[in-house]
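One-letter residues, chain by chain:
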Amino acid sequence: SQTIHQWPATLVQPVGSPLSLECTVEGTSNPNLYWYRQAAGRGLQLLFYSVGIGQISSEVPQNLSASRPQDRQFILSSKKLLLSDSGFYLCAWSGASGISYEQYFGPGTRLTVT
Amino acid sequence: DQQVKQNSPSLSVQEGRISILNCDYTNSMFDYFLWYKKYPAEGPTFLISISSIKDKNEDGRFTVFLNKSAKHLSLHIVPSQPGDSAVYFCAASALLQTGANNLFFGTGTRLTVIP
C-alpha cells in the first residue's frame, strides 16, 4: 500500500530564517506530487506540483520554492521566511498513469513564523 | 476568490440520522469533485468522489450528489455514527496537464454526531 510521510510535524521559525520541509512517498512509482498551504481561515491552496524528477510548476507567486531530487521525494524551501509564510503545509500525491483525480495527503506541517 | 464554498461551518446530527453537507462552486470548468474527511493534526483523507458527467455516486453509507445546473454538490451520510465526527472538505478538480490536477478546497464543515 502507498504511504506518504512529511516532516517535521510542527516548526517554529524566526522571520528571515531558511526553511526546508520534506515529503516522501512509498509504494508507488512516478507519482504526481503537490504542495498545498492552508492559511488561517482559508481553504487549501496549491503552491507547487511536479509530474516528474526535476519538473516543478508553481501556481502562485511567493517566497517559496520546491524541488524534486528523486522520484518520490518532494521538498519545499525558502531562503528567508516571512510572517505571511505561516500556515499548515500539506504534501499530496496522485497516480501518474492516465488521469488520476484523487490526491492523497500527508499528515502536514504546522509552520509558525515569529 | 473562493471558487468552492461550504457555507455551513458546523453541523450537529443525532446518531443514526442523516447528515447532509453542502458545497457550492462557481467555475463550470471543474470536471471532478471530491470529499475529504479531516481529523485534528492530520492531513485530509479521501472519502468519495464524483465525475461531472454523473449526478450520484454511492459508497456504503456515503452518497455524493451533483447538480451541475445549480453548481451544487452534497454529501449524505446515512446512518451517521459518532466516528464520523470530523471536518469535511469539499474539493473541485481542474486539470493542469496530463495526469496532474489542482484541487480547489472549501473551508470545511465540522460535523458532530451526537451519541
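Note that this is a predicted model, so its numbers are computed, not measured.

J.: Hey, could you go over the overall build of chain A for me, with residue numbers and the actual values?
T.: Looking only at helices and strands, chain A features zero helices and eleven strands. The linear arrangement of helices and strands in chain A, starting from the amino end, is β-β-β-β-β-β-β-β-β-β-β. A compact globule built from 114 residues would reach a C-alpha radius of gyration of about 13 Å, and chain A, at 13 Å, matches this within 12%. In terms of overall dimensions, chain A has C-alpha extents of about 40 × 25 × 20 Å along its principal axes. Burial statistics for chain A: of 114 residues in total, 51% are counted as buried. Taking the contacts inside chain A whose residues are at least 6 apart along the sequence as the reference set, 55% of them involve residues at least 24 apart. For chain A, the accessible area works out to roughly 5,200 Å², and carbon and sulfur atoms hold 52% of it. For chain A, the separation between the mean place of its 7 positive charges and that of its 6 negative charges on side chains is 10 Å.

J.: Tell me about the packing of aromatic side chains, and please be specific about residues and values.
T.: The relation between two aromatic rings is expressed through the spacing of the ring centres and the mutual angle of the planes. Considering all chains together, one arrives at 16 aromatic pairs over all chains under this definition. Ring geometry for A:Tyr101 and B:Tyr32: centres 4.1 Å apart, planes at 10°, overall stacked. Highlighted residues: A:Tyr101 in the loop between β9 (87-94) and β10 (104-105) and B:Tyr32 in strand β4 (residues 32-38), drawn from two different chains. For the pair shown, A:Tyr101 and B:Tyr32 are each scored as buried. Ring centres of B:Tyr36 and B:Phe105 lie 5.6 Å apart, and the angle between their planes is 50°; this geometry places the pair in the tilted category. Here B:Phe105 lies in strand β10 (residues 100-105) and B:Tyr36 lies in strand β4, a separation of 69 residues in the sequence. Given the relative accessible area of 0%, B:Tyr36 is considered buried. Accessibility expressed as a relative area gives 3% for B:Phe105, which makes it buried.

J.: Before we move on, can you summarise the pattern of salt bridges with the specific residues and values?
T.: Applying the stated rule across the entire model yields three salt bridges over all chains. For A:Arg68, the salt bridge identified is with A:Asp71, shortest N-O distance 3.2 Å. Here A:Arg68 falls in the buried class, since its relative accessible area comes to 3%. Classification of A:Asp71 by relative accessible area gives partly exposed; the value is 21%. With a closest N to O distance of 2.8 Å, B:Asp84 and B:Arg61 form a salt bridge. A residue pair is termed long-range when its members are at least 10 positions apart, and B:Asp84 in the loop between β8 (72-77) and β9 (86-97) and B:Arg61 in the loop between β6 (56-59) and β7 (62-67) qualify at 23 residues.

J.: Give a description of a nonpolar patch on the surface that names residues and reports values.
T.: Together, B:Ile18, B:Ile20 and B:Val78 make up an exposed nonpolar region whose accessible area comes to about 220 Å². You can see B:Ile18 is positioned in the loop between β2 (10-14) and β3 (19-25).

J.: I'd like a rundown of the side chain of B:Asp31, residues and numbers included.
T.: In this fold, B:Asp31 is placed in the loop between β3 and β4. Within the structure, the side chain of B:Asp31 is placed 3.2 Å from the side chain of A:Tyr101, a separation counted as a polar contact. Setting aside chain neighbours within four positions, we find B:Asp31 in contact with A:Tyr101, B:Ser51, B:Ser52, B:Ser93, B:Ala94 and B:Leu95.

J.: Pulling in residues and values, what's your account of the sheet that holds strand β1 (residues 3-7) of chain A?
T.: Paired through backbone hydrogen bonds, the strands of a sheet run either parallel or antiparallel to each other. Residues and elements named next belong to chain A. Strand order in the open sheet formed by four strands is β1-β3-β8-β7, with antiparallel pairing between adjacent strands. Only two strands of the sheet have a single neighbouring strand rather than two, namely β1 and β7 (65-70). Between one strand axis and the next, the sheet turns by 20° as a mean value, whatever way the strands run. Here four bridges tie β7 to strand β8 (residues 73-78), and the two strands are oriented antiparallel to one another. Its bridge partner lying in β8, Gln 70 is registered against Gln 73.

Rules used throughout
- Residues numbered from 1 in each chain as written.
- Chains lettered and ligands numbered in written order.
- Predicted model: local features only at pLDDT ≥ 70, side-chain atom pairs only at ≥ 80, totals over all residues.
- Heavy atoms only, no water.
- Helix = DSSP H or I, 4+ residues; strand = E, 2+ residues; numbered from the N terminus.
- Rg over C-alpha atoms; globule rule 2.2 N^0.38 Å.
- Buried < 20%, exposed > 50% of the residue type's maximum accessible area, 1.4 Å probe, protein only.
- Contact = heavy atoms within 4.5 Å.
- Areas by Shrake-Rupley, 256 points an atom, 1.4 Å probe, with all protein chains shown as cover.
- Lys, Arg positive; Asp, Glu negative; His and termini not counted.
- Charge placed at Lys NZ, Arg CZ, Asp CG, Glu CD.
- Phe/Tyr/Trp six-rings, centres within 6.5 Å; stacked < 30°, edge-to-face > 60°.
- Salt bridge = Lys/Arg side-chain N within 4 Å of Asp/Glu carboxyl O.
- Patch = residues over 30% accessible without salt bridge, like charges linked within 9 Å, V, L, I, M, F, W, Y side chains within 5 Å.
- Polar contact = N/O pair within 3.5 Å; in protein donor to acceptor, adjacent residues only side chain to side chain.
- Pairing = 2+ DSSP bridges.
- Axes fitted to C-alpha atoms, helices over the stretch in contact; angles between N-to-C directions.

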